[in-house]
Amino acid sequence: MKVQYQPKQQYLLNTFLLFFIFHAMQVGIGIQAFERIIFSEAKQDAWISVVLAGIFSHVVVYIMIKTLQINGTSDIYGIQITVYGKWIGKILNCFFIFYCLLAFMIILKNYIEVLQTWIFPTVPTWLFSVSILLLVIYGFTGGIRVIVGVCFFSFILSIWMLGLIGYPLRYSELNHLLPIMETNIVSIIKGTHKMTLTIIGFEILYVVYPFLKEKDKVQKFAHLGIAATNILYLLLMLLSIIYFSPGQLEKTIWPSLTLFKIIKLPFIERIEYVIITFWLLIILPNLLLYLWAAIQGVKRTFGKKSKWVLLIFILFIFIPSLFFNSRININRLNHYFSIIAFYIVFCYPFILYALSLIRKKLTSTMEKMQ
Amino acid sequence: MFFKKKKFTKEKAEKQAKNENLIPTSRELMSAEFKKRLQHSADILENEVGNSGITLFSIGNLIDKTMLHRDIIEPIISQSFDSIQVIMEHLSVGEIRKTDHMDTVVQSVLDGSVVIYLEGNLFVLLAHIPARLGRALSFALNESQVVGPQVAFTESLMINLGLIRNYIKDSNLSVENLVVGSRSNKSVAIVSLNGIASQQMVGIVRKRIQNLKIDAILDSSQLAQLIEDNSLTIFPQLALTERPDRICDWLLKGKLAIIVDGSSLVIGSPQSFVEFFQTLEDSNVNWQIGSFLRLLRVSALFLSVFFTAIYVACLTFHYEVIPQTLLITLTESRARVPFPPIIEAFLLEFVIELLREAGARLPTKVGQTMGIVGGIVIGTAAVQAGFTSNILIIIIALAALGSFVTPSYTMGNVIRILRFPLIILAGFWGFYGIMYGFCFLLIHLLRQSSLGSPFLAPFYPPRFEDWKDSLIRLPFSVTYKRPDQTRPEDEYKYDYKKAKDHN
């Protein structure tokens, strides 16, 4: 396979779209439930954990972009092969593909669980699974530009939800935030670690990078995108701390959704019904991009046609999605996935960066010697 | 040996075809050949002109008789000629040409020409004097507008082109003629402004029209379906209009107009989704009012597509979302209805569609009666009989109203049809079904293109410059750029720095 990868002109994307890609990828299923998990570790200082996780994600993205810039126009599949050689590179590529599929399944499972818990307790899992997968297939076959279009509209069309934050704010109690820094630093760091599942999504840059038109603007829009998401997370975390009592927050599985229960408009109540169903549009770009990243990986590593691969991957996701139906199982799945994700998204980029740097130094000195 | 023989027969056949295609040298032969080619039709006209030795052939209904007498017969009747060139000098017809091909002769006779035949000559003259079949200019009835010109296109290609030239007196206006249909032989003209319109797009349209393999097209709406990017989708990707001012506005933005002879609707391309919800009147009134009207139409679109579906979803699954005070009224009005909401909604939507279709096919006066019958009799009676609830009638009427607000008839139809799958989805899956339908439509629209430019432009791919003239319309002093969607060769309408002090 070729290490360098230059997509055709008609598939290229304007770099500012990276803002929407990042935001759409990061906001997904984690945002509905992260408050409780962080709060159970860091108590009223949970917002500090969110800030720390945000700063850390900026650092990781900075390193990611540096890695990509060292290697010219290439994606993670090309870089791993240059760095590790053909065989190890291919195996690691498989790992990354598997990771993308796993992320896809985690998002799908969690969303179906929310749907079943809140709205349709009796509708079987397979029906939701099949319907969403069909939508994903239709979107995927449209190509990368359509997928990024879904990201864009998912952001634009869900801005209105921010306006709803005002309602729970009226019932908030600022004293819940005090005293600041009561929790010890270890718990705060633990909370930061627990943010993994919520904050991941920017690793898509590793795959989408060759498709961006102006490579010099990548840093700017990538950080803007992450900053937007981090501010959103911080807002929601603060809101949850001041709106819920500590005991209540620890027992609420989806605090972000419960927040909206208080909203009462003259013509509509229980607006969380609308929001949960609207969430389909918010998880759709996640699903599409993860699937696209996985199939792009197969295409780059093995040069296979994507039609059959798509079918196999969809089956690969569909069949396991029928199992793990209870809350405990899904929680366990999330837990294991967040451990894998922590190593792949937060630790691995540093290793890859160091290795590519060393490799580059070596090759340049070799050239000099010759 | 074998090849030689084949080649020989081929050459022979070619030679024979050439001979058949030549103009016969005697009058009888010519007459026989001409009639044979036109299937001995009753409307063939053949007259010998006095003693001049000239014979005129034509199809009587297709030519202008006054011109025939005044400009062709009169100048030549009292003279005799020995060459075709001399005759040409005597005629006072504007459009005249010489040919020696029988095929050309027949073709131009069908187009309204008179054949001037002089015995013994290898050439004939073709004088183009078509009868004016058709009507005078009239009001734009289907796309009427309060502020703005009232004239509409007619069925004549030449008149339509004249109308466009009247609005844009620019030497760069280019008209390219093509012929479509092996049997209908329709003249189709691609009109564009050279130097603004993208030549690549002109090329795409030309290629698509030339590549058509079809026996006949009767109207521009059929041509539009044939040359669309994706003919499987329900959404129209090319717009039809009967307003010359609208076409001129499009031409000035860098779009192409496709005029079909015999059709009073002109195709404008490429088009984006939002443009189906714009009218030229938005530019003719103040920008605040224009923006308000556009926002009104887009909200009507959402109302029309989703309102009934939301009703069905709420009453089938999500009673909780309706506030208590509203719920009492709703359940009271639904108390006597025996059907589930989905059947109730379908029933009433069906009635509304019936009324609309009946109204569309009837003359205006009877149509009004239909409205009264439908609105009062069926509406009131259905509620009293306990078939439907009052509130559903309000909702469905609003949704129908919303679909009629859409300025484009083709898009209005699509909006009406889209409601049905959404009602089904809402009936099965509630809000999730509606959202599912919405996501599907979003992906579907993202996948469409019009002449290769994205259908959801300028929203996606985002071209923030063009948002100024999309859902809203900002004043002319701000919209100095042509839309990116047409990939214009000249991006700027005018130099906005120079115009700053004046506009």
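Everything numeric here is computed off the predicted structure, so don't read it as measured data. (Residues numbered from 1 in each chain as written. Chains lettered and ligands numbered in written order. Predicted model: local features only at pLDDT ≥ 70, side-chain atom pairs only at ≥ 80, totals over all residues.)

**Considerations on the overall build of chain B**
Using the following cut-off: To qualify as a helix, a DSSP run of H or I must reach at least 4 residues; to qualify as a strand, a run of E must reach at least 2; elements of each kind are numbered from the N terminus. A radius of gyration in this sense is built from C-alpha atoms; the matching globule rule multiplies 2.2 Å by the number of residues raised to 0.38. In this scheme every C-beta is placed from the backbone, and a residue whose C-beta has 20 or more other C-beta atoms within 10 Å is buried, one with 12 or fewer is exposed, and one in between is partly exposed. Whether two residues are in contact depends on their C-beta atoms, placed from the backbone: they are in contact if these lie within 7 Å.
Each helix and strand in chain B was counted, giving 17 helices and 12 strands. Taking 503 residues into account, the globule formula puts the C-alpha radius of gyration at 23 Å, and chain B, at 30 Å, lies well above it. Principal-axis analysis of the C-alpha atoms places the extent of chain B at approximately 100 × 60 × 60 Å. For chain B, with 503 residues in total, the buried portion stands at 35%. Within chain B, contacts between residues separated by at least 24 positions form 65% of all contacts whose residues are at least 6 apart in sequence.

**Describing the overall build of chain A**
When you go through chain A residue by residue, the secondary structure sums to 17 helices and 0 strands. In terms of overall dimensions, chain A is globule-like: its C-alpha atoms have a radius of gyration of 21 Å, near the 21 Å expected for 370 residues. If you line up chain A on its principal axes, its C-alpha atoms span 75 × 45 × 35 Å. Buried residues in chain A amount to 47% of all 370 residues. Considering only contacts in chain A between residues 6 or more positions apart, those separated by 24 or more positions represent 86%.

**So, unusual backbone geometry**
The peptide bond linking L178(A) to P179(A) adopts the cis configuration, its omega dihedral lying at -10°. If you trace the backbone, P179(A) turns up in the loop between α8 (166–169) and α9 (185–194). In this structure, M181(A) is a non-glycine residue whose phi angle is positive, near 60°. Within the element layout of this structure, M181(A) appears in the loop between α8 and α9. The exposure class of M181(A) is exposed, given the 10 C-beta atoms found within 10 Å. Even without being glycine, Q39(B) reaches a positive phi, approximately 60°. Along the chain, Q39(B) falls in the loop between α2 (27–37) and β1 (44–49). The exposed category is assigned to Q39(B), around which 8 C-beta atoms lie within 10 Å.

**Let's talk about the environment of I423(B)**
Residue and element names in this part refer to chain B. When you line up the elements, I423 lands in helix α16 (residues 409–447). Distance from I423 to W467, taken between C-alpha atoms, is 32 Å for residues 44 residues apart in sequence. When residues no more than four places from it in sequence are discounted, the contact partners of I423 are T308, A309, V312, I342, A345 and F346.

**Examining the interface of chain B and chain A**
The criterion, for reference: Polar here means any residue outside two lists: the nonpolar Ala, Val, Leu, Ile, Met, Phe, Trp, Tyr, Cys and Pro, and the charged Asp, Glu, Lys and Arg; Gly therefore counts as polar.
Opposite the 18 residues of chain B that make contact, chain A presents 25 residues. The element best represented in the side of chain B that touches chain A is α16(B), accounting for 10 residues. Among the residues forming the side of chain B that touches chain A, the class breakdown is 15 nonpolar, 1 polar and 2 charged.

**Digging into the sheet that holds strand β7 (residues 186–193) of chain B**
Strands belonging to one sheet form pairs held by backbone hydrogen bonds; the direction of such a pair is parallel or antiparallel. Residue and element names in this part refer to chain B. Short version of the rule: Strands are treated as partners if at least two bridges between them are detected by DSSP. Only the stretch in contact is used when fitting a helix axis, every axis being a line fitted to C-alpha atoms; angles between N-to-C directions are given from 0 to 180 degrees.
Pairing is antiparallel across the open sheet formed by 5 strands, whose spatial order is β6-β7-β9-β10-β8. A single partner strand is all that each edge strand has here, and the edge strands are β6 (173–180) and β8 (239–241). Averaged over all neighbouring strand pairs, the angle between strand axes comes to 25°, with direction disregarded. With 3 bridges joining them, strand β9 (residues 256–260) and strand β10 (residues 266–269) adopt antiparallel strand pairing. In the strand pairing of β10, L256 is matched with S269. Set on the sheet, helix α9 (residues 244–253) makes contact with β7, β8, β9 and β10; between it and β7 the angle comes to about 55°.

**Quick notes on α16(B)**
We count it as follows: Multiply 1.5 Å by the residue count of a helix minus one, and that product is the helix's expected span. To get the bend at any residue, fit one axis to the seven residues that end at it and another to the seven that begin at it, then take the angle between the two axes.
Here α16(B) spans only 23 Å end to end across 39 residues, well under the 57 Å set by a 1.5 Å rise per residue. Along its length, α16(B) reaches its greatest deviation from straightness, about 145°, at W429(B).

**Some details on the pairing of β10(B)**
Residues and elements named next belong to chain B. Alternating positions in β10 separate into two faces, V266 and G268 on one and I267 and S269 on the other, with burial throughout. Summarising the sheet, β8 and β10 pair through 3 bridges and their orientation is antiparallel. From the neighbouring strand, L240 faces β10, where its bridge partner is I267. Counting the residues between successive antiparallel strands, the hairpin from β9 to β10 contains 5 residues, one of them, G262, with a positive phi of roughly 85°.

**A closer look at the packing of helix α13 (residues 341–361) of chain B against helix α15 (residues 390–405) of chain B**
Residues and elements named next belong to chain B. Going by this rule: Should an angle lie under 35 degrees it is considered roughly parallel, over 145 roughly antiparallel, and from 65 to 115 roughly perpendicular; all remaining angles are considered oblique. When the near helix sits turned anticlockwise from the far one by under a right angle, the crossing is termed left-handed; a clockwise turn instead gives a right-handed crossing.
With their axes 10 Å apart at the nearest point, α13 and α15 run at an angle of 45° to one another. Overall, the two elements α13 and α15 adopt an arrangement that is oblique. Remark: the crossing between α13 and α15 carries right-handed chirality. Listed contacts from α15 to E344, A345, L348, E349 and I352 of α13 are L392, I393, I396 and A400. Here the residues of the contact of α13 with α15 are counted per class, giving 7 nonpolar, no polar and 2 charged.

**Describing the nonpolar core**
Let me state the cut-off plainly: Each nonpolar core reported here comprises buried Ala, Val, Leu, Ile, Met, Phe, Trp, Tyr and Cys residues connected via C-beta atoms within 7 Å. An automatic or database domain assignment is the source of the domain bounds shown.
One finds I21(A), F104(A), L291(A), I258(B) and I434(B) to be the most contacted residues of the largest nonpolar core, which totals 203 residues. For this core, the element with the most residues is helix α15 (residues 272–302) of chain A, which contributes 20 residues. Taken domain by domain, the makeup of this core includes at least three residues from each of domain 2 (157–271) and domain 3 (293–453) of chain B. Not counting chain neighbours up to four residues away, the residues in contact with I258(B) comprise V188(B), I190(B), V205(B), S220(B), L223(B), V266(B), I267(B) and S269(B).

**Some remarks on the environment of R27(B)**
In this structure, R27(B) sits in helix α2. Put simply, R27(B) and P462(B) are 435 residues apart on the chain and 69 Å apart in space, counted from C-alpha to C-alpha.

**A look at the packing of helix α5 (residues 86–118) of chain A against α15(A)**
Residues and elements named next belong to chain A. The contact between α5 and α15 brings their axes to 9 Å, and the two run at 165°. The orientation of α5 with respect to α15, classified from their angle, is roughly antiparallel. Along this stretch, α5 crosses α15, giving a crossing that reads as left-handed. Residues that form the contact of α5 with α15 fall into these classes: 21 nonpolar, 4 polar and 2 charged.

**Points about helix α2 (residues 34–42) of chain A**
Residue and element names in this part refer to chain A. Taken across its 9 residues, α2 has 8 buried, putting it largely inside the fold. Of the positions making up α2, those classed as buried are F34, E35, R36, I37, I38, F39, E41 and A42. Where α2 is buried, its residues touch α3 (46–70), α9, α10 (196–199), α12 (218–243), α13 (246–251) and α14 (255–259). Immediately beyond the C-terminal end of α2, within one or two residues, lies K43, with a positive phi of roughly 50°.

**Details of the confidence of the model for chain B**
For the record, the criterion: Think of pLDDT as the predictor's per-residue confidence, scored from 0 to 100.
Mean pLDDT over chain B: 87, with 96% of residues reaching 70 or higher. Reported for the predicted complex are a pTM of 0.90 and an ipTM of 0.95.

**Quick word on the sheet that holds strand β3 (residues 96–99) of chain B**
Residue and element names in this part refer to chain B. Reading across the sheet, the 5 strands line up as β1-β2-β4-β5-β3 and stay open at both edges, with antiparallel pairing between neighbours. For this open sheet the edge positions go to β1 and β3, each flanked by a neighbour on one side alone. Pairs of neighbouring strands in the sheet enclose a mean axial angle of 25°, with direction left out of account. Looking at chain direction, strand β2 (residues 54–59) and strand β4 (residues 113–118) are connected through 4 bridges and run antiparallel. Bridge pairing links T55 to Y117 in β4. Running over the sheet, helix α3 (residues 65–77) touches β1, β2, β4 and β5 (124–128) and is turned about 30° from β1. Each of β2, β3, β4 and β5 is contacted by helix α5 (residues 102–110), which is oriented at about 140° to β4, the strand it contacts most.

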